[in-house]
Amino acid sequence: MASLPNLPARARSLFPGLLLALTIAAAARFLSEHYAAPVMLFALLIGMAFNFMADQERTSEGVVFASKTLLRLGIVLLGARITLGDIAGIGTSGLVTVASLMALTIGFGFICAKLFSRGWRFAILTGGSVAICGASAALALAAVIPANDKTERNVLFTVVAVTTLSTIAMIIYPVLFGLAGLNDQQSGFLIGATVHDVAQVVGAGYSISTEAGDTATIVKLLRVTLLPVVLIIVALSTARRESGFSQVRLPLFVVGFGVVTIANSIGLIPVTVAVLLVDASSWLLVIAISALGVRTNMKAMMDLGWRHVAVIVLETLFLLALAWGAVSFGLAGV
């Protein structure tokens, strides 16, 4: 109770930075809705334009709060998007195939990172975001990986890269799969298994047909559903790497994400509430990305070089090749 009198002061210190991040997020949502471009990309770019406010006394505390605390809350609420019932129809073979594609892609990320002299943190960020669900996975993984002086710029690069590649894939993949003579179900599986972000999966899938869109969405939801499993593995393994087994503990937001996912899967969350939670999660993640953009120096991003790009492009092509091979050999259940 003694801390209650401090709450107004705390709120006043956070308000300017939070208002800045919220304003950028609202602008990004507006531009995304009117120009049909990824909201995360707009949030990042607009945020970077306000980097000069990152270190100002009035805004710095709120910006940091938005980029960390609101990010974790957004990830927790993201669990309301997932139900195990949605993915049951894909079957055991599809489940095993998708999980294998994800594991192999993350593993390939370590090979690429070593090949291009990048660190293991970057390997996890890029490999996980490509394998799972793009920008959302990058943000979630960044929250469980022990940070260093390169973490924030690597996260921002990963979000920009996977969002850009997803947009390119949304345009190219439907045409490519059509030219290859794949049926709607096969095309839907490939889109759901390889395109990074959910919005682009939906756009690409339903541009082919309703059947392709439904299949793509289900496969994509399966990838998202496996996010907490990957987070737990990464959290435990990196904690052990950094501080020894005795110091390993699961981050609270990962537990929260799992609890919300399970509750939604067994029907404890009403559909109307789940819709509200997913919408709130979407806003929180965009606000967090906006704040990360404010904290990112454009020069630092430009200094990353071509090796960063090469790693994530190779991971994307590797996942596409694996998924196409699975479809060709009948391993995908489609």
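Cut-offs applied
- Residues numbered from 1 in each chain as written.
- Predicted model: local features only at pLDDT ≥ 70, side-chain atom pairs only at ≥ 80, totals over all residues.
- Heavy atoms only, no water.
- Helix = DSSP H or I, 4+ residues; strand = E, 2+ residues; numbered from the N terminus.
- Buried < 20%, exposed > 50% of the residue type's maximum accessible area, 1.4 Å probe, protein only.
- Contact = heavy atoms within 4.5 Å.
- Areas by Shrake-Rupley, 256 points an atom, 1.4 Å probe, with all protein chains shown as cover.
- Salt bridge = Lys/Arg side-chain N within 4 Å of Asp/Glu carboxyl O.
- Patch = residues over 30% accessible without salt bridge, like charges linked within 9 Å, V, L, I, M, F, W, Y side chains within 5 Å.
- Core = buried A, V, L, I, M, F, W, Y, C linked by side-chain atoms within 4.5 Å.
- Phe/Tyr/Trp six-rings, centres within 6.5 Å; stacked < 30°, edge-to-face > 60°.
- Lys NZ or Arg CZ within 6 Å of the ring centre and 35° of its normal.
- Axes fitted to C-alpha atoms, helices over the stretch in contact; angles between N-to-C directions.
- Parallel < 35°, antiparallel > 145°, perpendicular 65-115°, else oblique.
- Nonpolar A, V, L, I, M, F, W, Y, C, P; charged D, E, K, R; others polar.
- Polar contact = N/O pair within 3.5 Å; in protein donor to acceptor, adjacent residues only side chain to side chain.

Peer 1: I'd like a rundown of the overall build of the protein chain, residues and numbers included.
Peer 2: Counting secondary structure elements, the protein chain contains 16 helices and 0 strands. Counting the 334 residues in the protein chain, one finds 51% classified as buried. Here the contacts in the protein chain between residues at least 6 apart in sequence split such that 81% fall between residues at least 24 apart. When the accessible surface of the protein chain is totalled, it reaches about 15,200 Å², and 68% of it is carbon and sulfur.

Peer 1: Help me get a handle on the pattern of salt bridges, residues and values and all.
Peer 2: Evaluation of the coordinates by the stated rule reveals 1 salt bridge. Note that E152 and R295 form a salt bridge whose closest N and O atoms lie 2.5 Å from each other. Note that E152 is positioned in helix α8 (residues 151-179) and R295 in the loop between α14 (271-294) and α15 (298-302), a separation of 143 residues in sequence. According to the relative accessible area criterion, E152 is partly exposed, its value standing at 26%.

Peer 1: Go over the side chain of T194 with me, naming the residues and quoting the values.
Peer 2: Checked against the element boundaries, T194 lands in helix α9 (residues 184-194). Looking at T194, the relative accessible area reads 1%, which means it is buried. Not counting residues up to four positions away in its chain, the partners in contact with T194 are Y173, R223, L319, L320 and A323.

Peer 1: Break down a nonpolar patch on the surface for me, citing the residues and quoting the values.
Peer 2: Together, I168, I171, I172 and L176 make up an exposed nonpolar region whose accessible area comes to about 350 Å². The topology assignment puts I172 in helix α8. For I172, a relative accessible area of 45% gives the class partly exposed.

Peer 1: I'd like a rundown of the nonpolar core, residues and numbers included.
Peer 2: In this structure, V159 and L227 are the most contacted members of the largest nonpolar core, which totals 100 residues. For L227, the contacting residues outside a window of four places in its chain are L78, I132, C133, A137, A140 and F257.

Peer 1: Before we move on, can you summarise the packing of aromatic side chains with the specific residues and values?
Peer 2: Applying the stated criterion to the full structure yields 6 aromatic pairs. Linked through ring pairs, Y173, F177 and W324 together constitute an aromatic cluster. Stacked on the ring of W283, the Lys or Arg R29 has its end atom at 4.4 Å from the ring centre.

Peer 1: Tell me about the environment of L44, residues and numbers included.
Peer 2: Here L44 lies in helix α2 (residues 39-49). For L44, a relative accessible area of 0% corresponds to the buried category. Considering only alpha carbons, one finds L44 and F157, 113 residues apart in sequence, at a separation of 9.7 Å.

Peer 1: Pulling in residues and values, what's your account of the packing of α9 against helix α10 (residues 198-208)?
Peer 2: Two elements in contact, α9 and α10, have axes whose closest approach is 9 Å; the angle formed by their N-to-C orientations is 170 degrees. Classed by the angle they form, the pair α9 and α10 counts as roughly antiparallel. Listed contacts from α10 to D184, S187, I191 and G192 of α9 are V201, A204, G205 and I208. Classifying every residue of the contact of α9 with α10 gives 4 nonpolar, 3 polar and 1 charged.

Peer 1: Which residues make up the side chain of S136, and what are the values?
Peer 2: Mapped onto the elements, S136 comes out in helix α7 (residues 135-144). Setting aside its immediate chain neighbours within four residues, S136 contacts L78 and L285.

Peer 1: Report on α9, specifying residues and quantitative values.
Peer 2: Among the 11 residues that make up α9, 9 are buried, leaving the element largely enclosed by the rest of the structure. For α9, every residue scored as buried is listed here: Q186, S187, G188, F189, L190, I191, G192, A193 and T194. The opening residue of α9 is N183, an N-cap whose side-chain oxygen sits 3.1 Å from the backbone nitrogen of Q185.

Peer 1: Kindly report on the packing of α8 against α10, identifying the contributing residues and their values.
Peer 2: Where α8 contacts α10, the axes come no closer than 9 Å and their chain directions differ by 5 degrees. Compared by their axis directions, α8 and α10 come out roughly parallel. Where α8 approaches α10, its residues T163, S166, T167, M170 and P174 are matched on the opposing element by Q200, G203, A204, S207 and I208. Its residues assigned to classes, the contact of α8 with α10 comprises 4 nonpolar, 6 polar and no charged.

Peer 1: Go over the environment of F50 with me, naming the residues and quoting the values.
Peer 2: Mapped onto the fold, F50 is located in the loop between α2 and α3 (57-78). Taking the relative accessible area as the measure of exposure, F50 reaches 30% and is therefore partly exposed. Residues F50 and L20, spaced 30 residues apart in sequence, show a C-alpha to C-alpha distance of 9.0 Å.

Honestly, that's just the spatial picture; any functional story needs more than this.
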